[in-house]
Each structure stands twice: as structure tokens, then as C-alpha cells.
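Observations on the model geometry
The primary structure of each chain is shown beneath.
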2 protein chains.
Amino acid sequence: MLEFRTGLRRFVHWSEQAAAAAGLSPAVHQLLLAVRGSSTPGGPTIGELADSLVVKHHTAVEAVDRAQRAGLVVREGDAQDLRVVRVRLTEAGHARLNDLTAQHLDELARLAPSFAGLWANLDSAGHTGHTGYTGHAEDAEDARAAD
Amino acid sequence: MLEFRTGLRRFVHWSEQAAAAAGLSPAVHQLLLAVRGSSTPGGPTIGELADSLVVKHHTAVEAVDRAQRAGLVVREGDAQDLRVVRVRLTEAGHARLNDLTAQHLDELARLAPSFAGLWANLDSAGHTGHTGYTGHAEDAEDARAAD
DNA sequence: TGTGTTTATATCGTCATACGATATGCATCC
DNA sequence: GGATGCATATCGTATGACGATATAAACACA
């Protein structure tokens, strides 16, 4: 489990470094990914982005602010519902993102095999008596091993 | 890929909520896990912890400071090398951590199946022509799909 | 033994980012 | 056509990460 956590951290950390090297803050990078990954016609709304990034909407607002200031996305008002704002990638945004995506696919391909093994372990660990949370510290040694 | 990222985020976010509910800041929670997970006899050093958490050593120092102030770990000087400090969990630290670990195993067991599927996809995506990073934005559509 | 280099830990100031509380404007529904 | 609710935006605050820097012990070696 510690191994799993550390592996995850290493990937996230690596990803942030790569983004920084391309001149993107981690948050903006994630935002661009979320915008590109959206399947909503006309582009995602702020609320959808917040959901996708698992943050509150005002956090998404700030990320869009920064990305827009950097010229990577644009806000576009929705014609139907004047409350909603749709976010679209600019050409610059696309270009910046494509550079990073290729690198990420490579890195993930490199990591996937080791992670797959860890998942298998976690999966079986989950079926060996830990499915009932008691709130007590009855089996510290067992927990430590699993972790 | 966006799905993968979002899933990861959801897990991390969930984990932070669970830690907060137990009165632990995310950083301290991760620190306790790293201390417990260490196999170094006598307990991990600050440097080992920093490595395990994938942060700079002064970031680990701060986390240990906070955890120590909360009574969850103690610093112990090394007898051999007077420069190094070893970190050990207190009883309170163990107790707090055990509460959380049981929950985490449950949650991971719940998530493992869906993640396993995503890994399989990523694994194959990595072997279909993306192993050479060109630095150009030649195949935006392909990248978007993979992401 | 003395001096320079490396290693481990700690301190300081700063920055990015997330949050809660709150505000504003538009939509929708009796 | 008010009441109610939702999408977006603003403000102040807290956490946590970093680079630069400091201190002290260990080590290397003349």
C-alpha cells in the first residue's frame, strides 16, 4: 500500500514537473485536460469542469482565470442559458497540451505493468476480511502489512 | 485517460476527507503512513520519509513538526550518526492510523475493479504507436481520444 | 590535527491552490 | 411577477510545497 501510494505520488509528481517544464502550472494543465476530455457539445461549463477536477466550482473559476490570462482557453457565453459559460481551448492551448500528452502516454505505458501488479494485490487484500470497518485498532500488524 | 485522472483524484480527495474527519491533515496522514510503512530498523530518517513522500526534505521536516506537535510521532536521535533523526509513531499515532487504514482498504477494494479495467486500456494504448515522443502536435485527434 | 567537502536536518520567506462564506445575475415555477 | 434555485464570480484565509540558506556532524586526506 505504501508502495502504491508512493508510486502514485511519483507519477503525479513527474506529471507536474513535465507540466512545469512546458510552462504550465499543475492546476492549469489539469484544467486543459478536462476541457479537451469533455464530450459536451459546445464545450464544458465551469460546473462540469469543477466536477471533473473534483474541486469546488470557485476553484475551477480560478483555474480558468489563469488559463485564460495565459491565452490557453476562452470563455464563451451560452446562447440558450445566459448563466452558463462554456470553455474552449485556443490553438495555443491545444498545442501546449499535445506536447505533454505524448510524454504522458509514454510514462504511463512505462508504469502500467507495475501498477497492474499492485492493483491485483489490493484487490485480493480487499477480500480477506477487511470489508467490515470496525473503528477499532484490533489488528495493527495486519494493517501495517497491508499498508 | 481523463477518466483515469478523475478516478485518481476522486480517490485522493476521498482519502483527504476521511483523514480530515479523523482530525488529520492530509500531509500528516501521509507522513504517518510513510513512517509505519518504513522497514528501516530503528525507524525512518527524515530523508527517507521525504523520499517516500516524494517531497523535499524540508517539506518532510514541516510535516514531522506538525505531527510531533499533535503527539502522533516522536523524534529520536540516532546513536551512531548524530546528524540523523529517526521518527517513530506514538501510541496515539498508531491508533489514529489504524482507524483510517481499515476504511482505506475498503474503499480501495471498491475501486480496484474499475481501475484495473482502465489500466488494461492504458497498457494497450501505450503500445500502439505512442512510444516515440516527437514534440509535435501531429495527431491531436488521436491524443484527445487516448486522453 | 586541521581543513575542506559532503550529508542530514532545520529555518525563512514566498507562491500556488483549495476552501468557506458571500454576492450577483439569470432561469424557472407556481 | 415574486419566490426559489442554480451558475458563475469575488474575498479572505489556510495548507503545503518550494528555493535559498543555515547549522552541525561526519568523512577524507594531507
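Structure's up top.
Residues numbered from 1 in each chain as written. Chains lettered and ligands numbered in written order. Predicted model: local features only at pLDDT ≥ 70, side-chain atom pairs only at ≥ 80, totals over all residues. Heavy atoms only, no water.

A closer look at the protein's contact with DNA strand D
Near DNA strand D you find 25 residues, and of these Gly47(A), His57(A), Arg75(A), Ser25(B) and Thr59(B) are the closest. Close to the protein, within 4 Å, the atoms of DNA strand D belong to sugar or phosphate groups at a rate of 64%. In this structure, a phosphate oxygen belonging to DNA strand D sits 2.8 Å away from a main-chain N or O atom of Gly47(A). In the environment of DNA strand D, a phosphate oxygen lies 2.9 Å from a nitrogen or oxygen atom belonging to the backbone of Val85(A). Within the residue set of the surface near DNA strand D, elements represented by two or more residues are helix H3 (46-53) and helix H4 (57-69) of chain A together with helix H2 (26-37) and helix H4 (57-69) of chain B. (Near = heavy atom within 4 Å. Polar contact = N/O pair within 3.5 Å; in protein donor to acceptor, adjacent residues only side chain to side chain. Helix = DSSP H or I, 4+ residues; strand = E, 2+ residues; numbered from the N terminus.)

Let's talk about unusual backbone geometry
For Val54(A), which is not a glycine, the phi torsion comes out positive at approximately 60°. Considering the arrangement of structural elements, one finds Val54(A) in the loop between H3 and H4.

Quick look at the pattern of salt bridges
Residue and element names in this part refer to chain A. According to the stated counting rule, one finds 10 salt bridges over all chains in the structure shown. In this structure, the salt-bridge partner of aspartate 65 is arginine 75, at a minimum N-O distance of 3.0 Å. Placement of the pair is aspartate 65 in helix H4 and arginine 75 in strand E1 (residues 73-77), with a sequence separation of 10 residues. The partly exposed category is assigned to arginine 75, whose relative accessible area is 28%. (Salt bridge = Lys/Arg side-chain N within 4 Å of Asp/Glu carboxyl O. Buried < 20%, exposed > 50% of the residue type's maximum accessible area, 1.4 Å probe, protein only.)

Details of H2(B)
All names here are of chain B. Counted at 1.5 Å a residue, the expected span for H2 with its 12 residues is 16 Å, and the 16 Å between its end C-alpha atoms agrees. The buried fraction of H2 amounts to nine of the 12 residues, a majority that puts the element mostly inside the structure. Taken together, the buried positions of H2 are occupied by Val28, His29, Gln30, Leu31, Leu32, Leu33, Ala34, Val35 and Arg36. (Expected span 1.5 Å × (residues − 1).)

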